Amino acid sequence: MNILLTGGAGYIGSHTAVVLSQAGHEVVLLDNFCNSQKSVLGRLQKILDKVLPCVEADVRDTALVAKTLQDYKIDAVIHFAGLKAVGESVEKPIEYYANNVQGTISLLEAMKSANVKTLVFSSSATVYGNPQYLPIDENHPISATNAYGRSKLHIEEMLKDIAISNSEWKIICLRYFNPVGAHESGLIGEDPNGLPNNLMPCIAHVAVGKFPYLKIYGNDYPTIDGTGVRDYIHVMDLADGHLAALAYVRNHKGWVAVNIGTGHGASVLDIISTYEFVSGQEIIFQIEGRRNGDIASCYAKVDKARNLLGWQAKYNLEKMCSSSWLWQNFSNKA
Ligand code: NAD
Ligand code: UFG
């Protein structure tokens, strides 16, 4: 298939580009580089031994997106492009709705005009809000506590309406849990503009001495050791999940949402000790107060992904931490 990856130069998009291209798909990237570097294109070329076409554009440029869909005879779109920092979304809701919701509307208009009706959308476990039960299945009530989460909720609902309006649409929303790690080459990884605030990149910064210590946001949660528990998933597993989702959605009309996680929770202390083990570095930490908006535990029920997509995660915490460490060393030198 010919597949357009909006936000394809970003963290998850670049890893998915590798998997799709290696599986024989023709991949085209579209990105405005607001949270990625153009150098990722050369690194993808090194991994794949081929150049992936990349259109530098904002997804809100409907005409250019439509032209791209036509020029490359695109069969399906994976829509990664968007802003994703929860804290920032609370301060800049207009930017978040403009980028995420308006960006998706623009993409849908372009897809409609180019008659491309197959879409994989990057959703998030954030749509489950504060979990009412664990593990979280796809029927768990959805809600949002911040503008980022609400933008994902709005998009999911919008996509549902579109699938109802015309039975030609084939749409799958992948609700990612906590993506971490990097490609085994160490050439691509999570490379956000500005300082990280997610756990794994913060630990990596401590390991190489960029941060003096890790702040642990709370050790008084009702969890195994008091620290927050999440369903961390290796980004290469997540990338494989997109390959499986495409294979499924191309043959299934309508709208569906599927969790993409491992089904297992790990605490902050679990991640620290695994990172220390694989890197040989001591991760100095300090216990701080709880972070606003954080929840105690969140992990997925993954039966639907297994049954519908025939996909399940295969990498463990050690692989997640060791690939992050490899990438941290590479990006430190690059
Ligand atoms: P990322 O920031 O690394 O990648 C997003 C890419 O989209 C970047 O390259 C950025 O430059 C581009 N982009 C942003 N707005 C754009 C626009 N208007 N037009 C064109 N390009 C634009 O983020 P990521 O971690 O790869 O996340 C990809 C998607 O997955 C996002 O939609 C995000 O909300 C979702 N998601 C991410 C996580 C996570 O923890 N990383 C978790 C759940 C869901
Ligand atoms: N944590 C720390 N110290 C840090 C960073 C994080 O102790 O420096 C803790 C958090 O308190 C939490 C856990 O590590 O218990 C994970 O935090 P992350 O920031 O890595 O991830 P979140 O689960 O808070 O959020 C992530 C994405 C969101 C997405 C959500 C659900 O950042 O965008 O997963 O998919 F909505």
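Refer to the structure printed above.
Just so it is clear, the model here is predicted, and its values are computed rather than measured. (Residues numbered from 1 in each chain as written. Chains lettered and ligands numbered in written order. Predicted model: local features only at pLDDT ≥ 70, side-chain atom pairs only at ≥ 80, totals over all residues. Heavy atoms only, no water.)

This part is about the nonpolar core. Within the largest apolar cluster, 39 residues are counted, with the highest numbers of intra-cluster contacts made by L5, I78, I172, L174, I260 and L309. The element that contributes the greatest number of residues to this core is helix α8 (residues 235-249), accounting for 7 residues. If sequence neighbours within four positions are ignored, I260 has contacts with L174, R175, Y176, F177, I233, L238, L309 and W311. Grouped together as the second largest cluster of nonpolar side chains are 29 residues, L30, I74, F121 and L159 included. (Core = buried A, V, L, I, M, F, W, Y, C linked by side-chain atoms within 4.5 Å. Buried < 20%, exposed > 50% of the residue type's maximum accessible area, 1.4 Å probe, protein only. Helix = DSSP H or I, 4+ residues; strand = E, 2+ residues; numbered from the N terminus. Contact = heavy atoms within 4.5 Å.)

In an α-helix, one full turn covers 3.6 residues, which means residues spaced three or four apart are oriented alike. Along helix α2 (residues 39-48), the residues classified as buried are V40, R43, L44, I47 and L48. The buried side chains of α2 occupy one side of the element, clustering within an arc of 125° when seen end-on. The first or second residue beyond α2 is D49, which carries a positive phi of 60°. (Arc of directions from axis to C-beta.)

A full pass over the atoms with the stated rule returns 2 aromatic pairs. Ring plane angle 80° and centroid distance 6.2 Å describe the contact between Y275 and W325, whose orientation is recorded as edge-to-face. In this pair, Y275 is assigned in helix α9 (residues 268-279) and W325 in helix α11 (residues 317-333), connecting sequence segments 50 residues apart. Judged by relative accessible area, which is 0%, Y275 ranks as buried. When its relative accessible area of 15% is taken as the criterion, W325 is described as buried. Directly above the ring of W255 sits K160, whose terminal nitrogen or CZ lies 4.6 Å from the centroid. In this arrangement the basic side chain of R290 is found over the ring face of Y221, its NZ or CZ atom lying 4.0 Å from the centre. (Phe/Tyr/Trp six-rings, centres within 6.5 Å; stacked < 30°, edge-to-face > 60°. Lys NZ or Arg CZ within 6 Å of the ring centre and 35° of its normal.)

Before going further, it helps to spend a moment on unusual backbone geometry. The residue after L134, namely P135, is reached through a cis peptide bond having omega -10°. One can find P135 in the loop between β5 (118-124) and α6 (147-165). The phi torsion at D49 lies on the positive side, around 60°, for a residue other than glycine. Within the secondary structure, D49 sits in the loop between α2 and β3 (54-56). Even without glycine at this site, N115 takes up a positive phi of about 55°. Within the fold, N115 resides in the loop between α5 (93-113) and β5.

The next subject is the pattern of salt bridges. Once their charged atoms are close, side chains differing in charge can pair, the charge on each being opposite to the other. Tallying each qualifying case throughout the model produces 15 salt bridges. Between R60 and D58 there is a salt bridge, and its shortest N-O distance comes to 2.9 Å. Among the residues examined, R60 registers a relative accessible area of 30% and is labelled partly exposed. Where R306 meets D303, a salt bridge forms, and the shortest distance between an N and an O atom there is 3.7 Å. (Salt bridge = Lys/Arg side-chain N within 4 Å of Asp/Glu carboxyl O.)

Looking now at the pairing of β5. Here β5 lies mainly inside the structure; 7 of its 7 residues are buried. Taking every second residue as pointing to the same face, both faces of β5 are buried, with T118, V120, S122 and S124 on one and L119, F121 and S123 on the other. Both strand β4 (residues 76-79) and β5 contribute to a ladder of 3 bridges, which runs parallel. By the bridge assignment, H79 is partnered in β5 with F121. Bridging between β5 and strand β6 (residues 170-176) involves 7 bridges; their strand directions are parallel. In the strand pairing of β6, V120 is matched with I172. You can see the chain leave β5, run along α6 and come back into β6, and the turn it takes is right-handed. (Pairing = 2+ DSSP bridges. Right-handed = clockwise from strand over helix to strand, strands pointing away.)

Quick look at the side chain of N99 now. As for its placement among the helices and strands, N99 is situated in helix α5. The contacts of N99, once residues within four sequence positions are left out, are R60, G82, L83 and T104.

Another point: the sheet that holds β3. One open sheet holds the 7 strands; their spatial order is β3-β2-β1-β4-β5-β6-β11, and the pairing between them is parallel. Of all the strands in the sheet, the pair left with one neighbour each is β3 and β11 (254-260). Averaged over all pairs of adjacent strands, the angle between their axes in this sheet comes to 20°, without regard to strand direction. Contacts from helix α3 (residues 62-71) reach β1 (2-6), β2 (26-31), β3 and β4, with the element oriented near 170° to β2. Sitting on the sheet, α6 touches β5, β6 and β11, and the angle it makes with β5 is about 155°. (Axes fitted to C-alpha atoms, helices over the stretch in contact; angles between N-to-C directions.)

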